[in-house]
Amino acid sequence: MDDLFEPYPAPLDLWVGQSWVMRVFSQWEEVTRPKLARTRGVQLHQIASDVMGDLRNIRNDIVHHRAVASKDNCGRLKVLNDWVAVGYPIEVVHSHVADFLIKFEWEQIART
């Protein structure tokens, strides 16, 4: 019965959270950002977001550093720096998703 109450986040929760980071960043980079640039008639580099830059760094550590926050990636976070600690496993949970929705620069992106 004790196995039922394993520590949170459980391995499946970690996998889902890390997959969320990769999916959201891929959608931004491959679909949303290019579409915004085309629609507004601007260069791709003009569509920028510190939050998405942070998500890129977190994603890079998930993919290339076995989901452990590195100094080179997560050590450079600007906005989402309270999500991870360098040298520790990256654990993206539901509160991070809510934090992302709050911190994303919706108005700035709308004005770009």
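Before reading on, note that the structure itself is shown above.
Residues numbered from 1 in each chain as written. Predicted model: local features only at pLDDT ≥ 70, side-chain atom pairs only at ≥ 80, totals over all residues. Heavy atoms only, no water.

What to know about the overall build of the protein
From N to C terminus, the protein includes 4 helices and 0 strands. Taken from the N to the C terminus, the helices and strands of the protein come in the order α-α-α-α. Per-residue burial over the protein gives 38% buried out of 112 residues. Long-range contacts, defined here as pairs at least 24 residues apart, represent 54% of the contacts in the protein between residues at least 6 apart. The positive charge centre, built from 13 side chains, and the negative charge centre, built from 15, are 13 Å apart in the protein. (Helix = DSSP H or I, 4+ residues; strand = E, 2+ residues; numbered from the N terminus. Buried < 20%, exposed > 50% of the residue type's maximum accessible area, 1.4 Å probe, protein only. Contact = heavy atoms within 4.5 Å. Lys, Arg positive; Asp, Glu negative; His and termini not counted. Charge placed at Lys NZ, Arg CZ, Asp CG, Glu CD.)

Topic: the nonpolar core
If you look at the biggest cluster of nonpolar residues, it comprises 23 residues, and the most contacted ones within it are Trp 28, Met 52, Leu 55, Ile 58, Trp 83, Ile 90 and Phe 100. At the level of secondary structure, the elements contributing two or more residues to this core comprise helix H1 (11–40) and helix H2 (50–64). For this core, the element with the most residues is H1, which contributes 6 residues. When near neighbours in sequence (up to four residues on either side) are disregarded, Phe 100 contacts Trp 20, Val 24, Val 51, Met 52, Leu 55 and Trp 83. (Core = buried A, V, L, I, M, F, W, Y, C linked by side-chain atoms within 4.5 Å.)

Comments concerning unusual backbone geometry
The phi angle at Arg 66 is positive, at roughly 55 degrees, despite the residue not being glycine. Inspection of the secondary structure assignment puts Arg 66 in the loop between H2 and helix H3 (94–103). Phi at Ala 67 takes a positive value of approximately 65 degrees, unusual for a residue other than glycine. Mapped onto the secondary structure, Ala 67 falls in the loop between H2 and H3.

Examining the side chain of Asp 99
Tracing the sequence through the fold places Asp 99 in helix H3. Of the residues examined, Asp 99 reaches a relative accessible area of 17% and is grouped as buried. Those residues in contact with Asp 99 that lie beyond four places of it in its chain are Leu 80, Asp 82 and Trp 83.

Details of the side chain of Asn 73
Topologically, Asn 73 is positioned in the loop between H2 and H3. A distance of 2.8 Å separates the side chain of Asn 73 from the side chain of Asp 61, its partner in a polar contact. Discounting chain neighbours no more than four positions away, the residues touching Asn 73 are Asn 57, Asn 60, Asp 61 and His 65. (Polar contact = N/O pair within 3.5 Å; in protein donor to acceptor, adjacent residues only side chain to side chain.)

What to know about a nonpolar patch on the surface
On the surface, a cluster of nonpolar side chains totalling about 350 Å² of accessible area is made up of Leu 12, Trp 15 and Val 16. Within the secondary structure, Leu 12 sits in helix H1. (Patch = residues over 30% accessible without salt bridge, like charges linked within 9 Å, V, L, I, M, F, W, Y side chains within 5 Å. Areas by Shrake-Rupley, 256 points an atom, 1.4 Å probe, with all protein chains shown as cover. Salt bridge = Lys/Arg side-chain N within 4 Å of Asp/Glu carboxyl O.)

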